[in-house]
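# Report on the structure
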Amino acid sequence: MIRFDGATKRYPDGTVAVDELSLEAPSGQITVLVGPSGCGKTTSLRMINRMIEPTSGTIWLDDTDTASLPAHELRRQIGYVIQNAGLFPHRTIVDNVATVPLLLGEDKTKARARAMELIERVGLDPAFAKRYPAQLSGGQQQRVGVARALAADPPVMLMDEPFSAVDPVVREQLQEEFLRLQNDLGKTIVFVTHDIDEAIKLGDQVAVLRVGGKLAQLAAPADLLARPVDAFVAGFVGRDRGYRALGFTGAGTIDTHQEPSVAVGAAYPGHGAGIDGWILAVDADGKPQGWLPTGEEQRGDVVTDAMLYRGGTLAAQGGSLRAVLDACLSSPSGRGVVVDDSGRLVGSVTAREVLDLIEKRG
Amino acid sequence: MAAGGAQPMIFKTLGWLTDPGHWRSTPFDTGILGQLGAHVGFSVIALVIALVIALPAGLAIGHTGRATWVVSVANAVRALPTIGALVLLVVIISPHFYGRTNAGFLIPTEIVLVVLAIPPILSNTYAGVQNVSPAVRDAAFGMGMTDRQVLGRVELPNALPLIFSGFRSAMLQVIATATIASYVTLGGLGRFIYDGLAQKDYPQMIGGGVLVAALALVADLLVAVVQRYVVSRGVSGRFHRNTSVDSRVAALVEENV
């Protein structure tokens, strides 16, 4: 548990970065600090491990006043992940990960063995262990950054915009893996981001800060979207919050229609095959690949990858209403494709049906 | 000798250099090997003293970001006229030494060489530490390193390429300038240059110059080899070509799955 008790940071020139912040980040949960630039979210985070010293107020780490022990000893008990990973260029990946255990006096062999474990745990090939940071991509470096923060198994982790410097595809991957990792580890995490989507996706609770370092609202993501406390929070969480809130509603047992399909590599289906001029193409395992138009003239003898329209997203069975609705809206045929856990076709559903379901539950 | 024959100067110089008699010392005359040893001695003393002063100072200034004016002052001192300073120091210092000691000349020489060697080492060490990425420094402190650990385990290893380059340019300058030791009666390879000039023995003079240049090149090569082993590959960027391509491909594959 991390507790801010009236923590304030005032600079000598009178600027107030964080103003009387009081909030609690419960054990084993992810608390996200979010807000526009200048709202003091990073300053608040850095006051926890005293990279920035609070001007007044207290920050508690369980029952310990963080000001009561030397800064470097405090920091060794707290995992720290920053935006550009900040890996040590002169050390190999395994030695980067072993940094804190070595600082704590663990012996080299043990620290390295633990580091190797973590490298695999964050989804990196163990072959990377002997490479240097410059040989890794941004996304891989960030994984190493997370592994390094976990190395001494600290109960608390601070993450300062860890995923914002990588491209959207990798970011999404890293977010998913981060949630999976947290599911196993149950760390107490304070996470800073300027991206409200990321905050809502990752946070067990979200603290919205306003410029000047004041806490505007502290709430679970779904509550934040449903009941923003004032105009600032409402504006910050964005216009399409109704749509985003669907992300917190499970689709449950949504009824799907059987969807005719054709395998890639099979003979081109005849005119009028499928429904309304579209037929779903699947691979040999039955995983949907894209949509094939059947209303126009036949474009070849067999179905090839190049013929497919790949616009539609796929919704996982038991996923959120948002994912199902998005699958419908993005599909060229207007039918959203639902797949099972292994990515195989289950059936399809239309936007109309999803909306009916939403209204019924309303 | 000075009369000069029909032989071009280059052959006469080669002739001087390859004459075994010139390499050995006699009771009356120090040979090339002896003067080479003396030259290396002057240079090593100056470089060690300069390192002991400039390296810690550069690290401290770079780490704290304080007293950066020291670096500017040191750089301004580079404009000092070497021979003038040497003569002045000899005039001031040598009267304090009597008898069979050459300390009155050695100390001024070493002071001049040290003053010459400090600026490149100091400013490069400072710049090397300053250049360490703020994210890396932030991570180092954030993980609980003390100031000393951040400096020694993170900033220094990453500053090494620049420190080496500063040291190498200081070394070249010291080796070239150590010839002035001979100007104030000491030995060293400068002996051949000043004697050759005085005796109008130009092959000897040029030979001395060639030896100084050769010494500088060999020394630089040796330090380059040391640098290769001391500087982390992660910093110098010398990765095995295949690994590097592999990792880039692996990176692409991984990001696209």
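By the naming in an unreviewed UniProt entry, chain A goes by ABC-type quaternary amine transporter and is assigned to Nocardioides mangrovicus. As recorded by UniProt, the Sequence similarities (unreviewed entry) comment attached to chain A reads in full: "Belongs to the ABC transporter superfamily."

### Side note on the overall build of chain B
Helix and strand counts for chain B come out as 12 helices and 0 strands. Along the chain direction, N to C, the helices and strands of chain B fall in the order α-α-α-α-α-α-α-α-α-α-α-α. Scaling as 2.2 N^0.38, a compact globule of 257 residues should have a C-alpha radius of gyration of about 18 Å, whereas chain B reaches 24 Å, well beyond that. Taking all 257 residues of chain B together, the buried fraction comes to 37%. When contacts within chain B are restricted to residue pairs at least 6 apart in sequence, those whose partners lie at least 24 apart make up 72%.

### Examining the pairing of strand S15 (residues 335-339) of chain A
Residues and elements named next belong to chain A. Most of S15 is tucked away: 5 of the 5 residues are buried. Burial along S15 is two-sided: the face carrying Arg 335, Val 337 and Val 339 and the face carrying Gly 336 and Val 338 are both buried. Regarding topology, helix H12 (residues 321-330) serves as the crossover connection from strand S14 (residues 314-316) to the parallel S15, and that connection is right-handed.

### Some details on the packing of helix H4 (residues 69-77) of chain B against helix H6 (residues 103-130) of chain B
Residue and element names in this part refer to chain B. Interhelical geometry of H4 versus H6 gives an angle of 145° and a closest axis separation of 8 Å. Where H4 crosses over H6, the handedness of that crossing is left-handed. Contacts between H4 and H6 pair Val 71, Ala 74, Asn 75 and Val 77 from the former with Val 115, Ile 118, Pro 119, Leu 122, Ser 123 and Tyr 126 from the latter. A class-by-class count of the residues in the contact of H4 with H6 yields 8 nonpolar, 2 polar and no charged.

### Description of the domain arrangement of chain A
Residue and element names in this part refer to chain A. Per the domain assignment, the segments making up chain A are domain 1 (2-248) and domain 2 (261-361). Inter-centroid distance (C-alpha atoms) of domain 1 to domain 2 is 39 Å. In this assembly, 5 residues from domain 1 lie in contact with 4 residues from domain 2. When the residues that make up the side of domain 1 that touches domain 2 are grouped by side-chain class, the tally is 3 nonpolar, 1 polar and 1 charged.

### As for the interface of chain A and chain B
Chain A puts 29 residues into the contact, and the matching count from chain B is 26 residues. Broken down by secondary-structure element, the contributors of at least two residues to the side of chain A that touches chain B are helix H2 (71-76), helix H4 (99-103), helix H6 (138-150) and helix H7 (168-185) of chain A. A per-element tally of the side of chain A that touches chain B places H2 of chain A first, with 4 residues. Here the residues of the side of chain A that touches chain B sort into 13 nonpolar, 10 polar and 6 charged.

### With respect to the confidence of the model for chain B
All names here are of chain B. On average, residues of chain B score 88 in pLDDT, and 91% of them reach the 70 mark or higher. Here helix H12 (residues 241-256) stands out as the least confident element of chain B, with mean pLDDT 52; helix H8 (residues 147-177) is the most confident, with 96. Confidence metrics for the complex model read pTM 0.80 and ipTM 0.81.

### Here's the deal with the sheet that holds S14 of chain A
Residue and element names in this part refer to chain A. Taken together, 3 strands build an open sheet; the order of strands is S14-S15-S16 and the sheet is mixed. Looking at which strands have only one partner, the edges of the open sheet turn out to be S14 and strand S16 (345-350). Neighbour-to-neighbour, the strand axes of the sheet open up by a mean angle of 35°, direction not taken into account. One ladder, built from 3 bridges, connects S14 with S15; its direction is parallel. Its bridge partner lying in S15, Ala 316 is registered against Val 339.

Reading the values: rules and limits
- Residue positions are given per chain, counted from 1 along the sequence in the order it is written.
- Think of it this way: whatever chain is written first is A, whatever ligand is written first is 1, and the rest follow in order.
- Residue-level local features of this predicted model are given only where pLDDT is at least 70; pairs of side-chain atoms are given and counted only at 80 or more, and the full residue set underlies all totals for whole chains, interfaces and linings.
- UniProt positions are given in the numbering used here, feature names are shortened, and annotations may be inferred rather than shown by experiment.
- A helix here means a DSSP run of H or I that spans at least four residues, while a strand means a run of E at least two residues long, and both kinds are numbered starting from the N terminus.
- Here the radius of gyration uses the C-alpha set of atoms, whereas the globule reference equals 2.2 Å times the residue count to the power 0.38.
- Here a residue counts as buried when 20 or more other C-beta atoms fall within 10 Å of its C-beta, as exposed when 12 or fewer do, and as partly exposed in between; the C-beta atoms come from the backbone.
- A pair of residues counts as a contact when their C-beta atoms, built from backbone coordinates, are within 7 Å of each other.
- Think of it like this: strands point away, you trace from the first strand over the helix to the second, and a clockwise trace means the crossover is right-handed.
- Fitting a line to C-alpha atoms yields each axis, with helices limited to the stretch in contact; the angle taken between N-to-C directions then spans 0 to 180 degrees.
- A clockwise turn of the near helix away from the far one marks a right-handed crossing, whereas an anticlockwise turn of less than a right angle marks a left-handed crossing.
- Under the convention adopted here, Pro, Cys and the residues Ala, Val, Leu, Ile, Met, Phe, Trp and Tyr are nonpolar, Asp, Glu, Lys and Arg are charged, and Gly plus all remaining residues are polar.
- Note that domain bounds follow an automatic or database assignment of domains.
- The quantity known as pLDDT measures the predictor's confidence residue by residue, on a range of 0 to 100.
- Strands pair, by our definition, only if DSSP identifies at least two bridges between them.

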